[in-house]
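Read off the chains here:
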Amino acid sequence: AHAIEACDRAARLMEQLLLLARLEEAPPESSRTRVDLAEVARRVVAEAAPRALAAGMTLGVEGADRAHVHGDEALLEAALRNLVDNAVRYGVPGTDVRVLLGCEGGRVTAIVEDDDPGVTEADLGRLGQRFQRGESAGAPGSGLGLSIVASIATTHRGTFALARGPGGRGVRATLTLSRVD
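Everything numeric here is computed off the predicted structure, so don't read it as measured data. (Residues numbered from 1 in each chain as written. Predicted model: local features only at pLDDT ≥ 70, side-chain atom pairs only at ≥ 80, totals over all residues. Heavy atoms only, no water.)

Caption draft 1: Broad picture of the side chain of Thr176. Positionally, Thr176 belongs in strand S7 (residues 171-178). When its relative accessible area of 13% is taken as the criterion, Thr176 is described as buried. In this structure Thr176 touches Arg107, Val108, Thr109, Gly158 and Thr159, once residues within four positions along its chain are discounted. (Helix = DSSP H or I, 4+ residues; strand = E, 2+ residues; numbered from the N terminus. Buried < 20%, exposed > 50% of the residue type's maximum accessible area, 1.4 Å probe, protein only. Contact = heavy atoms within 4.5 Å.)

Set out below in structure tokens:
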């Protein structure tokens, strides 16, 4: 069982390192298409729901039914998957994890927030950096996931920010991208 867990961790690390390498060779603008970020979010949440339920958490998508952006669908899915995976992996039983989608003006926001006890202020400032993890992180990880999300946001001329979650608890990760009709 320990060998299988170690292999799974190594495979996840390799996936993330390959994704970082792919981001350094940013895909050409011509390879991007119109992507419905709401559809991508529903797919990511559906994949993560069994793990969340097994961990005693709730997980759902709220907000816009459609949220179109121009981008690389695989990279955008990886960004949302990393955010949802972090919320589920590091959350505690009873945590409510929400993916909130909004369209306002020329922007689309995808917010992944949770209401668990959260991370310290010191950790919050470091979490988007490569190989940085919260000191209280109780699950294994490489500390690459949030830096990958930040790189994907930059590649799509968007922004990524981390803040305290609702009521000052948990973490609120916000990915903002340009909207297309």
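Caption draft 2: View of the pattern of salt bridges. One pass over the structure, following the stated rule, counts 11 salt bridges. A salt bridge links Arg51 to Asp85, with the nearest nitrogen and oxygen atoms 3.1 Å apart. Taken together, the residues span a long stretch of sequence, with Arg51 in helix H2 (residues 37-54) and Asp85 in helix H3 (residues 73-90) at a distance of 34 residues. Given the relative accessible area of 40%, Arg51 is considered partly exposed. The buried category is assigned to Asp85, whose relative accessible area is 8%. A single salt-bridge network, built from bridges that share partners, covers Glu39, Arg43, Glu47, Glu73, Glu77 and Arg81. (Salt bridge = Lys/Arg side-chain N within 4 Å of Asp/Glu carboxyl O.)

Caption draft 3: Up close: the pairing of S7. Burial analysis of S7 places six of its eight residues in the buried class, the great majority of the element. Pairing between strand S5 (residues 107-114) and S7: seven bridges, direction antiparallel. Bridge pairing in S7 links Val112 to Ala173. The pairing of strand S6 (residues 159-164) with S7 spans six bridges and is antiparallel. Across the sheet, residue Thr159 finds its bridge partner in S7, namely Thr176. (Pairing = 2+ DSSP bridges.)

Caption draft 4: How the structure looks around the nonpolar core. Among the nonpolar cores identified, the biggest contains 38 residues, and Leu37, Leu59 and Val84 are the most heavily contacted of them. The set of elements that each furnish at least two residues to this core consists of H2, H3, strand S4 (96-104), S5, helix H5 (145-155) and S7. By residue number, the principal contributor to this core is H3, which donates nine residues. (Core = buried A, V, L, I, M, F, W, Y, C linked by side-chain atoms within 4.5 Å.)

Caption draft 5: Quick look at the packing of H3 against H5. Following both chains from N to C, one finds H3 and H5 inclined at 145°, their axes separated by 9 Å at the closest point. Classified by chirality, the crossing of H5 by H3 is left-handed. Residues Leu75, Leu76, Ala78, Ala79, Asn82, Leu83 and Asn86 of H3 form the contact with H5, whose own contacting residues are Gly145, Leu146, Ile148, Val149 and Ile152. Of the residues belonging to the contact of H3 with H5, the class tally is nine nonpolar, three polar and no charged. (Axes fitted to C-alpha atoms, helices over the stretch in contact; angles between N-to-C directions. Left-handed = near helix turned anticlockwise from the far one by under 90°. Nonpolar A, V, L, I, M, F, W, Y, C, P; charged D, E, K, R; others polar.)

Caption draft 6: Looking closely at unusual backbone geometry. Despite not being glycine, Arg157 has its phi angle at roughly 55°, a positive value. Tracing the chain through its elements places Arg157 in the loop between H5 and S6. Looking at Arg157, the relative accessible area reads 62%, which means it is exposed.

Caption draft 7: Focus on the packing of H2 against H3. Between H2 and H3, the shortest axis-to-axis distance is 9 Å and the interhelical angle comes to 35°. Crossing hand, H2 versus H3: right-handed. In this structure, H2 uses Leu37, Val40, Ala41, Arg43, Val44, Glu47, Ala48, Arg51 and Ala52 to contact H3, whose residues at the interface are Glu73, Leu76, Glu77, Leu80, Arg81, Val84, Asp85 and Val88. Taken together, the residues of the contact of H2 with H3 break down into 10 nonpolar, no polar and seven charged.

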